[in-house]
Amino acid sequence: MAKKKEKSAAKEEVTPVQDGEPEEADTGDDLSPEGYNLTGDFTADLNEIFKRSVVDPIPIRQRGTIASNPDVSDSGPITYITVDKMTSLRPALEVDPDDENKASIKGLFIKGWRVEMPLLTCLSYCVPSTLVTLSLWRCGLKRETLEALLPLLSKAPIKNLVLDDNPDCAAHFHILLTEECSITNLSLRGNGITCENLQLFSSALTHNKSIIKLSFHNNKIGDEGVITLAKSLRLNRTLLTLNLSNNMITAKGTKAISEVLTALTLSHEEIVARRKLVSESKAASSADEPPTTPGGRTKERPGSNSRSGSHTALDKKGKSGTSGKAGKKQDKIDKPSAKDGRKSDMGNKGTKEDKRKGTTDSKSKSKSKGAAGKKYQEEKEQEPETVEFQNPLIAANLSETDGKVVVPGNYALTCGNLNNNCIGNNGVSYLYKALHYQDNVTMRRGVKGLLRLTIKNNQLDLSSKHYVDLMELMTRRDPFYEHPLLEEDNSNATAAT
């Protein structure tokens, strides 16, 4: 009896759905951020992602503008607008609209407030393909937030990344230097980076092929950190601009940089890596060539023409089997003569009209091709010119002195900044010798090397011989330098006209 009562109670609890009442649809998947289809409007897409992710929305404003006071009346023109003093300090996303699509953005700037992982996750859902610049200044970043930043960097072709004043992740910036890294300009100012923090970053920078501009301004790298960074410059041939200002660098660190700029003596590990690269290149080249027998002949079967001469004879005679002279006579017979031009024109009526149509069509096609070619040329000119350097380990112009393998140094670095350090006269002498070597050796090969170097506000004598010679040498090597004689000639020419 007890079992029957339990079954009847269970039946009473279940209430069947009536025909007039619709079933509630499970819309959990539709309302997730992953299920949202982007519209191309960054502001609308991000607000919708905030709503679906249950994250407090953050106001979005254009960079360089301040939110106006809603209490201001529209009675007439005014000379000023009063704004709450805390407006500029409240969290906001500053954006730079894209030039072609104003609804999209090309730059995103976050300044002075802590960025948490939910915000980066929401941004990774709706990041546009036009985003090129990302700035996170003093945002309290940590290792977890840097890892959450990787999906965003993989979806957008970000070229300029600014991570200034984020000291909590000073030892974790190497996470960003992945194989899929597209960053060309990386700014790491004011992060308190030390020599210990540069160990992993330097090893990742050695094989990086995207970063061309790197800034370590206002850190604590010191001489040991510069020595660690110089090891990566031995093999890196992508970096063009390096900023090491305000890092407590002395003559010891300057010597390490100068040695990289001249000639490099390969270590045992680098010689082993060189042999491995050379063997791999030889294996790849031999794989493309056909295999050979011990006698020197190729293993491939000879072609059909070499097996029998019938096909070649037919090709010489022609398909009809006639000889060469007979073929020439036949060609002369088939070609219409100049006397028969009228007959041919009478026989083919409408050929002139067809020719006129053909000329107009060809002109229109040539115009369209010209416009397309001009547009392609403009796009080609806008693209930055990239120069690829050979791996120094497999350089062809290596030499051997005293049983040591010597290869060319780093001639890809073109701009250096050593301002506000502790460099003395000895450090200047190291720099002068390195640049004098580049000026005498590399210029003959067409390689320019270091073209700009600034060493202001250091502990050196401005009247010393090495400093004066260094400034004269760098003035000549500056690509924007004009010789005084040329300037006088130009001035005389303009005066004569």
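Attention in this report is confined to the structure presented alongside it. Predicted, not measured: the structure shown is a model, and the values here were computed from it.

## Digging into the sheet that holds strand E10 (residues 399–401)
In spatial order, the strands read E9-E11-E10; together these three strands make up an open sheet with antiparallel pairing. Unpaired on one side and paired on the other, strand E9 (263–265) and E10 mark the two borders of the sheet. Between one strand and the next, the sheet's axes are offset by a mean angle of 35°, whatever the strand orientation. In this structure, E10 lies alongside strand E11 (residues 404–408), joined through three bridges in antiparallel fashion. Paired with Thr 401 across the two strands is Lys 404, which belongs to E11.

## Details of the pairing of strand E4 (residues 133–137)
With four of its five residues buried, E4 lies for the most part within the structure. Bridging between strand E3 (residues 105–111) and E4 involves five bridges; their strand directions are parallel. Within E4, the position partnered with Lys 111 by the bridge is Trp 137. Inspection of the sheet shows E4 paired to strand E5 (residues 160–162) by three bridges, in the parallel sense. Bridged to Leu 134 within E5 is Leu 161.

## Topic: the packing of aromatic side chains
Under the counting rule described, the total for this entry stands at one aromatic pair. The interplanar angle of 85° and the centroid separation of 5.7 Å between the aromatic rings of Phe 201 and Phe 216 together place this pair among those described as edge-to-face. Taken together, the residues Phe 201 in helix H5 (residues 198–206) and Phe 216 in the loop between strand E7 (213–215) and helix H6 (222–233) connect sequence positions 15 residues apart. Summarising the burial analysis for this pair, Phe 201 and Phe 216 share the class buried. One residue, Arg 63, lies across the ring of Phe 109, its end atom 3.9 Å from the ring centre.

## Here's the deal with the pairing of E3
Among the seven residues in E3, five count as buried, and that is most of the element. Relative to E3, strand E2 (residues 93–97) runs antiparallel, the two being bridged by four bridges. Within E3, the position partnered with Glu 94 by the bridge is Phe 109. Handedness of the crossover is the feature at issue here: the chain leaves E3, passes through helix H3 (residues 117–126), returns alongside E4, and the resulting connection is right-handed.

## Regarding the pattern of salt bridges
Where charged atoms from two side chains of opposite charge come close, those side chains can pair. Overall, the coordinates contain twelve salt bridges when judged by the stated rule. A salt bridge links Glu 48 to Arg 52, with the shortest nitrogen-to-oxygen separation between them at 3.1 Å. Taken as a pair, Glu 48 and Arg 52 lie in helix H2 (residues 42–52) at a separation of four residues, close to a single helical turn. Note on Glu 48: relative accessible area 21%, which makes it partly exposed. Linked through salt bridges whose partners overlap, the residues forming this network are Asp 439, Arg 476 and Arg 477.

## Here we look at helix H14 (residues 425–441)
In a regular helix each residue adds 1.5 Å, so 17 residues correspond to 24 Å; H14 covers 24 Å between its end C-alpha atoms and thus fits that length. On its buried side, H14 packs onto helix H7 (251–261), strand E13 (452–454) and helix H15 (465–477).

## Quick look at the sheet that holds strand E1 (residues 60–62)
Sheet strands associate in pairs through backbone hydrogen bonding, adopting either a parallel or an antiparallel arrangement. Within the open sheet, the ten strands sit side by side as E1-E2-E3-E4-E5-E6-E7-E8-E12-E13. Their pairing is mixed. Of all the strands in the sheet, just E1 and E13 have a single pairing partner and so form its edges. Along the sheet, successive strands turn relative to each other by an average axial angle of 10°, direction set aside.

## A word on the side chain of Ser 124
Looking at where Ser 124 falls in the secondary structure, it is placed in helix H3. Classification of Ser 124 by relative accessible area gives buried; the value is 7%. Apart from the residues lying within four places of it in its own chain, the contact partners of Ser 124 are Pro 151, Leu 152 and Lys 155.

Rules and cut-offs
Residues numbered from 1 in each chain as written. Predicted model: local features only at pLDDT ≥ 70, side-chain atom pairs only at ≥ 80, totals over all residues. Heavy atoms only, no water. Pairing = 2+ DSSP bridges. Helix = DSSP H or I, 4+ residues; strand = E, 2+ residues; numbered from the N terminus. Axes fitted to C-alpha atoms, helices over the stretch in contact; angles between N-to-C directions. Buried < 20%, exposed > 50% of the residue type's maximum accessible area, 1.4 Å probe, protein only. Phe/Tyr/Trp six-rings, centres within 6.5 Å; stacked < 30°, edge-to-face > 60°. Lys NZ or Arg CZ within 6 Å of the ring centre and 35° of its normal. Right-handed = clockwise from strand over helix to strand, strands pointing away. Salt bridge = Lys/Arg side-chain N within 4 Å of Asp/Glu carboxyl O. Expected span 1.5 Å × (residues − 1). Contact = heavy atoms within 4.5 Å.

Shape is all these values report; function is a separate question.
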